[in-house]
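Listed below are the residues making up each chain.
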Amino acid sequence: MTVDRDVIVEHEQAAPPDEVSRATVIAYAVAATLLVGWFLFGWLVLRQGFVDSVGESAGAGFALLLIISVVGTVRRSRR
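Residues numbered from 1 in each chain as written. Predicted model: local features only at pLDDT ≥ 70, side-chain atom pairs only at ≥ 80, totals over all residues. Heavy atoms only, no water.

Asker: Can you walk me through the overall build of the protein chain in this structure?
Answerer: A count of helical and extended segments in the protein chain gives three helices and zero strands. When its helices and strands are written in sequence order, the protein chain yields α-α-α. Per-residue burial for the protein chain yields a buried fraction of 8% across its 79 residues. For the protein chain, the exposed surface amounts to about 7000 Å²; the carbon and sulfur share of it is 66%. (Helix = DSSP H or I, 4+ residues; strand = E, 2+ residues; numbered from the N terminus. Buried < 20%, exposed > 50% of the residue type's maximum accessible area, 1.4 Å probe, protein only. Areas by Shrake-Rupley, 256 points an atom, 1.4 Å probe, with all protein chains shown as cover.)

Listed below in structure tokens is the structure:
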């Protein structure tokens, strides 16, 4: 039992969790606001229909997440 506890303690000390910066949280909030705005613009102004507007904003959101993932991968590989 002591070996397991020692390993768990060493693992917790070796890898502290990464903190998310305030700028990242603000950027995600701005992106979410823009996606909701894009949905409302398509639905209410362009009168596309509810399902089409949801699909378009969801597609834009997934594309944005893909871009963020690629940029994050490139940044981590350079470290």
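What follows continues from the structure just given.
Asker: Would you explain helix H2 (residues 22-45) in this entry?
Answerer: It helps to recall that an α-helix has 3.6 residues per turn; residues three or four apart then point in one direction. In a regular helix each residue adds 1.5 Å, so 24 residues correspond to 34 Å; H2 covers 33 Å between its end C-alpha atoms and thus fits that length. All of the buried residues along H2 are Ala31, Phe39 and Gly42. In this structure, the buried residues of H2 make contact with helix H3 (50-78). Note on H2: the residue one or two positions beyond its end, Arg47, has a positive phi of about 55°. (Expected span 1.5 Å × (residues − 1). Contact = heavy atoms within 4.5 Å.)

Asker: What exactly am I supposed to notice about the packing of aromatic side chains here?
Answerer: Each pair of aromatic rings is reported with the distance of its centres and the angle of its planes. With the rule as written, the count across this model stands at four aromatic pairs. Between Trp43 and Phe50 the ring centres are 5.3 Å apart and the planes differ by 75°, which places this aromatic pair in the edge-to-face class. Given a relative accessible area of 46%, Phe50 falls into the partly exposed group. Following the ring pairs from residue to residue traces out a cluster consisting of Phe39, Trp43 and Phe50. (Phe/Tyr/Trp six-rings, centres within 6.5 Å; stacked < 30°, edge-to-face > 60°.)

Asker: Any chance you could explain a nonpolar patch on the surface here in plain terms?
Answerer: On the surface, Val36, Trp38, Leu40, Phe41, Trp43, Leu44, Val45, Leu46, Phe50, Val51 and Val54 cluster together into a nonpolar patch covering about 1000 Å² of accessible area. At the level of secondary structure, the elements contributing two or more residues to the nonpolar patch comprise H2 and H3. Examining the composition of the nonpolar patch, we find that seven residues originate from one element, H2, more than from any other. Topologically, Leu44 is positioned in helix H2. (Patch = residues over 30% accessible without salt bridge, like charges linked within 9 Å, V, L, I, M, F, W, Y side chains within 5 Å. Salt bridge = Lys/Arg side-chain N within 4 Å of Asp/Glu carboxyl O.)

In short, shape yes, function no, at least from these values alone.
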